[in-house]
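# Survey of secondary and tertiary structure
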Amino acid sequence: MNSGKGFGKTILFGDHFVVYGHPGIASAINDYAETVIEDSDKFEFIDNRPATQGYKEKKKNEIQRQLNSLMNFFELNENSKIKITVSGNLKCASGVGASAALAASIARALNEKFKKNFDDEKINEIAFKAEEAGSGPASGIDNTCAVYGGMISFTKNLEGGKNKIELIESKECEIVLANSGITQETKVVVGEVKKWKESHPEKFSELEKKYLKIYEKGLNALKEGNWKELGKLMNEKHELLKQLTVSCDKLNEMQKIALNAGAFGAKLTGTGRGGLLLCLTPGKELQEKTAKAFEEKGIETRKTKIGVKA
Ligand code: MEV
């Protein structure tokens, strides 16, 4: 049996700013998509991943475009006699890197099946192409987390060359991912932010300057394991994302719930306008308390950790 995994991710700093060549920080989470390839008498693609309601319907075309890109790469077509089954414990939602995890897991499994011996760099390149085919221009931060795992600092090379990826040595820390239940298309939101940037150049450059200070301080806080400072910076990043028009009422209300429960900080993560809220909750007790505060309001959560090596 040939199989492959791709990790989910959460972005601590850099959501949207990474698209414009600024550095960002993201961490793989413990949850992953897993693909198994088996021989069959026809071509089959079975998607058994757990998902937020409505996610798979909304992403149907995106998933198909990703699959086509991966199949082209491995010279497969609808007559190929293989069965691709995707499952895993990563619950699909906007902001968790589900599509990149899917692409990375399929690329790894096909690599094994066809004994291509591609290294991680090549798998990352294939996953990135599939990501772009599926959801339009992307920074590459999602697929990089999906393939390498761990905590990374990531800078997109806007000239098209290699992106700068550095592994960050950080302690582990408990987090809660709270799900707004709203699914968004990254391509659409990234496109709207680009338009906003073009019509508000001065405001955008002010946000960029503020963001870069947050990034530098955030990197130090992570290396030192200074969770209080990290949480404060996450809150500041959420404010910047609000000004960038990528938050929404639901996420802002959810941030209040997290902070009232004692979370050190909380911010939207990834695309925004829905998707997930990342809450920094060091220690199991605070993690439980924060998750409970959401669940009492009918908001689904996932308790996991950042800084865990793949
Ligand atoms: C999506 O998870 C993160 C964005 O910054 C887009 C990207 O980096 O490709 C919004």
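As the structure is a prediction and not an experimental result, all values here were calculated from the model.

## Details of the nonpolar core
Among the nonpolar cores identified, the biggest contains 59 residues, and Leu-12, Phe-13, Ile-25, Leu-230, Leu-277 and Phe-294 are the most heavily contacted of them. If you tally residues by element for this core, the top one is helix H7 (residues 201-224), at eight residues. When we break this core down by domain, the ones giving at least three residues each are domain 1 (2-167) and domain 2 (173-306). Apart from the residues lying within four places of it in its own chain, the contact partners of Leu-230 are Leu-12, Phe-13, Gly-218, Ala-221, Leu-222 and Leu-280.

## As for unusual backbone geometry
Phi is positive for Thr-245, close to 70°, though the residue is something other than glycine. Here Thr-245 shows up in the loop between helix H8 (227-243) and helix H9 (249-260). Of note, the phi angle at Arg-273 is positive, near 55°, even though the residue is not glycine. For Arg-273, the position within the fold is in the loop between strand E8 (265-269) and strand E9 (276-280).

## Brief notes about the pairing of strand E4 (residues 82-88)
Taken together, the seven bridges between strand E2 (residues 24-39) and E4 define a ladder with antiparallel strand orientation. If you follow Glu-38 over to E4, its bridge partner there is Lys-83. Pairing between strand E3 (residues 44-47) and E4: four bridges, direction parallel. Note that in E4 the partner of Glu-44 across the bridge is Lys-83.

## Notes on the pattern of salt bridges
For the coordinates displayed, the defined rule picks out 24 salt bridges. One salt bridge connects Lys-59 with Glu-62, and the closest N-O pair in it is separated by 3.8 Å. Classification of Glu-62 as buried rests on a relative accessible area of 5%. The network of salt bridges with common partners includes Asp-15, Lys-237 and Lys-267.

## Describing the domain arrangement of the chain
Partitioning the chain into structural domains gives domain 1 (2-167) and domain 2 (173-306). If you look at the interface, domain 1 gives 35 residues, while domain 2 gives 44 residues. Roughly 3,400 Å² of surface becomes buried between domain 1 and domain 2 when both sides are summed, with 62% attributable to carbon and sulfur atoms. Taken as a group, Phe-13, His-16 and Phe-17 account for 22% of the area that domain 1 buries against domain 2, more than any other trio of residues on that side. Linking domain 1 with domain 2 are four salt bridges, by the criterion used here. For Asp-31, the salt bridge identified is with Arg-302, shortest N-O distance 2.6 Å.

About the cut-offs
Residues numbered from 1 in each chain as written. Predicted model: local features only at pLDDT ≥ 70, side-chain atom pairs only at ≥ 80, totals over all residues. Heavy atoms only, no water. Core = buried A, V, L, I, M, F, W, Y, C linked by side-chain atoms within 4.5 Å. Buried < 20%, exposed > 50% of the residue type's maximum accessible area, 1.4 Å probe, protein only. Helix = DSSP H or I, 4+ residues; strand = E, 2+ residues; numbered from the N terminus. Domains from an automatic or database assignment. Contact = heavy atoms within 4.5 Å. Pairing = 2+ DSSP bridges. Salt bridge = Lys/Arg side-chain N within 4 Å of Asp/Glu carboxyl O. Buried area = accessible area lost by both parts, 1.4 Å probe.

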